[in-house]
Amino acid sequence: MFKQEVYVNRRKSLQTKLQNGIILILGNNDSSMNYPSNTYHFRQDSTFLYFFGIDLQGLAGIIDIDNDRHILFGDDYTLDDIIWMGPQSSMLEKASLTGVSEVLPYNELFKIIGEAVKQGRKIHFTPPYRGENIILISELTGISPNKVRESFSEDLVRACVEMRSIKEEVEIDEMERHMSVAYKMHTTAMKIARPGTTEQEITGIIEGISISGGGMVSFPVICSVRGETLHNHYHGNKLKRYDLLLVDAGSESPLHYATDHTRTTPVAKGFTQHQKEIYQIVLNANNAAINAAKPGVPYKEVHLLAASVIAEGLKSIGLMKGDIETAVNEGAHALFFPHGLGHMLGLDVHDMEDYSEKFVGYDNEIQRSTQFGLKSLRLGRRLQKGFVITVEPGIYFIPALIDAWLKEKKFENFINYKKVELFRDFGGIRLEDDILITESGARILGDRIPITIEEVEAIIGKK
C-alpha cells in the first residue's frame, strides 16, 4: 500500500466532486475455477484499490457525502481461518493503514444502504463487471439485476476518471520500478526465440518472470508467430527460421499497476530485407508518435500521424500509392493498421475501461469515429500532464481482410493489391512502449526495451 494520507486525500477529493448521497465502492471476492474452494488468482477491484488500498477479499467501502463518514465493511478472520492462513491483522488494523477509523461488520452494509434507499438518497456506484457484484448491488438497492449496469452514477464515473487519469508521483514511481520486470520479460523472449522453441515455452517463461517480480501478468500473454492476428492467445506453434515472433505482454506490480509492451523478433540471426523494411516503418511511426505526444494534443491526432508515417512508408516500398493525406483521411491505411495507437495505462492495462471507453478515452469535444480502423482507437481525447499511455503502431497482412477488400476493389487508388499479394504470409509487426506525458512532451517509462533493428539483432538468440 501507499502511505495512509494518499488514500485519505483521494477519498476527500472524490467526496468534494459529488454533491450528495453515498458513494458505494465494492471490493472483489474469490471466484471459483472448477469447484468452490479452487479459485482463480484473486484480483482486487481497481476502484477499491485506488480509494481504500486493501488488497483482500470480503471488503466494501462507502463515502457518505452528506454525513462526512468514511466506513470500511468487513469481518475479522475466525480461528478456523487463521489455522489455514496463519496470523491475520484485525479489520481495525487494516482500516488504519488506509486512514479509515470507522469499521463495521460486512452485513451492516445492507442496513446502511437500505436505510439510505428508504430515505430516497442517491447511491453512487460504478458499472459492475462481475456477476456477483451485480447481484449484490441489486440486493442492496432493490434495482433489478438486469438494470444494475445501466443504473451506475455518471457523476461518480466522471469524477473517478478525472482523478485516476492524472497519475500521482507515487503511482509513477511504482510503475517506473516495475518496468524492469517488463524489460526482463521481453529481452528473455528475444533471447530464446530460436527455431524449434514453442510459443508455449516462451509464454511460460515470461509469465514466470512476471510472477517472480511480485505480480501477475496484466493480461493473457500474446506470443505468436501469427502476429497478424491482433489478439492471438494460441500458443501451439513451433518457431521456424525466418518467422517473426510477436510478443505483447505485461506485468502487474505488487500494487497492481500494469506494464504493456510489444516487441517483434526475427527467429533467425537477423531480419530478412522485407522484414527490415516493414519493421523500420513501424519503428518510425512509434518514434514519431512519442515525439508528437504532449499536453493539449488530441491523441486522435497522434494516431493519425502514426497512420500517415505508416502509409508513407508503405508507399515508399510500393504497397500503397496515390496521395497519402487523402488515403489516411479515407481510411485506406487501415488494411495494414486496423487498430488504435494506444490506451490509458494504470491500475488496469486498459485503465478504467470498466467505466466505459466513452468516459475514459473520449469527451464532449472529441467523439469516437465510425471509420474502420479509427473506430478502434481507445483514446482520442486531449493529452494531459500525468497521463500514462501506450504507443503501439503496427503493420499486419491479414489474408481474410486483404481478400475482402480486393473483392470489393476497395481503395484501389491507394493500395497496390498485386504487390500486397507477395506479403500475404508475412504476418505482423507491432512495437509498443509505455509513456508518461510530461510538462512539455513525453518520456518512455523505464529503460527502453531493445527496439531498433541493430539492438534486436544484437540480442536475439543470446544466452
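Structural notes, computed from the coordinates.

About the thresholds
Residue numbers restart at each chain and count upward from 1, following the sequence in its written direction. Per-residue local features are limited, in this predicted model, to residues with pLDDT of at least 70; the limit for side-chain atom pairs, both in listing and counting, is 80 or more; totals at the level of whole chains, interfaces and linings are taken over all residues. Water and hydrogen atoms were dropped before computing side-chain values, which therefore reflect all heavy atoms in the structure. The salt bridge definition used is simple: a Lys or Arg side-chain nitrogen within 4 Å of an Asp or Glu carboxyl oxygen. Secondary structure elements follow DSSP: runs of H or I no shorter than four residues count as helices, runs of E no shorter than two count as strands, and numbering proceeds from the N terminus. For every residue, the accessible area (1.4 Å probe, protein chains only) is compared with the maximum for its type, and the residue is labelled buried under 20%, exposed over 50%, or partly exposed between those bounds. Being paired, for any two strands, means DSSP has found at least two bridges between them. Any two of the Phe, Tyr and Trp rings considered here, Trp counted by its six-membered ring, make a pair once their centres fall within 6.5 Å; the pair's planes then place it as stacked at under 30 degrees, edge-to-face at over 60, or tilted in between. Placement of a positive charge over a ring is assigned whenever Lys NZ or Arg CZ falls within 6 Å of the ring centre and within 35 degrees of the normal to the ring plane. Whether two residues touch is decided by their heavy atoms; if any such pair falls within 4.5 Å, the residues are in contact.

## Here we look at the pattern of salt bridges
Within this structure, the stated rule accounts for 28 salt bridges. Linking R10 and E168 is a salt bridge whose minimum nitrogen-to-oxygen distance equals 2.7 Å. Taken together, the residues R10 in helix α1 (residues 4-17) and E168 in the loop between α8 (154-165) and α9 (169-191) connect sequence positions 158 residues apart. Overall, R10 belongs to the buried group, its relative accessible area being 3%. For D433, the salt bridge goes to R448, with nearest N and O atoms at 3.0 Å. A residue pair is termed long-range when its members are at least 10 positions apart, and D433 in strand β14 (residues 433-437) and R448 in the loop between β15 (442-444) and α17 (453-459) qualify at 15 residues. On the accessibility criterion, D433 (1% relative accessible area) is buried.

## With respect to the pairing of strand β2 (residues 32-35)
Pairing between β2 and strand β3 (residues 38-39): 2 bridges, direction antiparallel. Counterpart to Y35 in the pairing with β3 is N38. From the end of β2 to the start of β3, which pair antiparallel, there are 2 residues.

## Overview of the packing of aromatic side chains
Enumeration according to the criterion identifies 13 aromatic pairs in this entry. Geometrically, the ring pair formed by F48 and F52 is stacked, given 5.2 Å between the ring centres and 20 degrees between the ring planes. The exposure class of F48 is buried, given its relative accessible area of 0%. Connected via pairs of aromatic rings, a cluster forms that spans F336, F397, F423 and F426. In this structure, R10 packs its charged tip against the face of Y50, placed 3.8 Å from the ring centre. In this structure, R164 packs its charged tip against the face of Y50, placed 5.9 Å from the ring centre.

## Examining the environment of V157
Within the secondary structure, V157 is located in helix α8. Sequence spacing of V157 and P127 is 30 residues, and the spatial spacing of their C-alpha atoms is 8.4 Å. Sequence-distant contacts of V157, defined by excluding residues within four places in its chain, comprise T126, P127, F152, Y355 and F359.

## Here we look at the sheet that holds strand β6 (residues 102-104)
The 5 strands lie next to each other as β6-β5-β4-β1-β7, forming an open sheet whose pairing is mixed. Sheet topology places β6 and β7 (123-124) at the edges, where each strand pairs with a single neighbour. Here 5 bridges tie strand β1 (residues 22-26) to strand β4 (residues 60-64), and the two strands are oriented antiparallel to one another. Looking at β4, one finds that L24 is bridged to I62.

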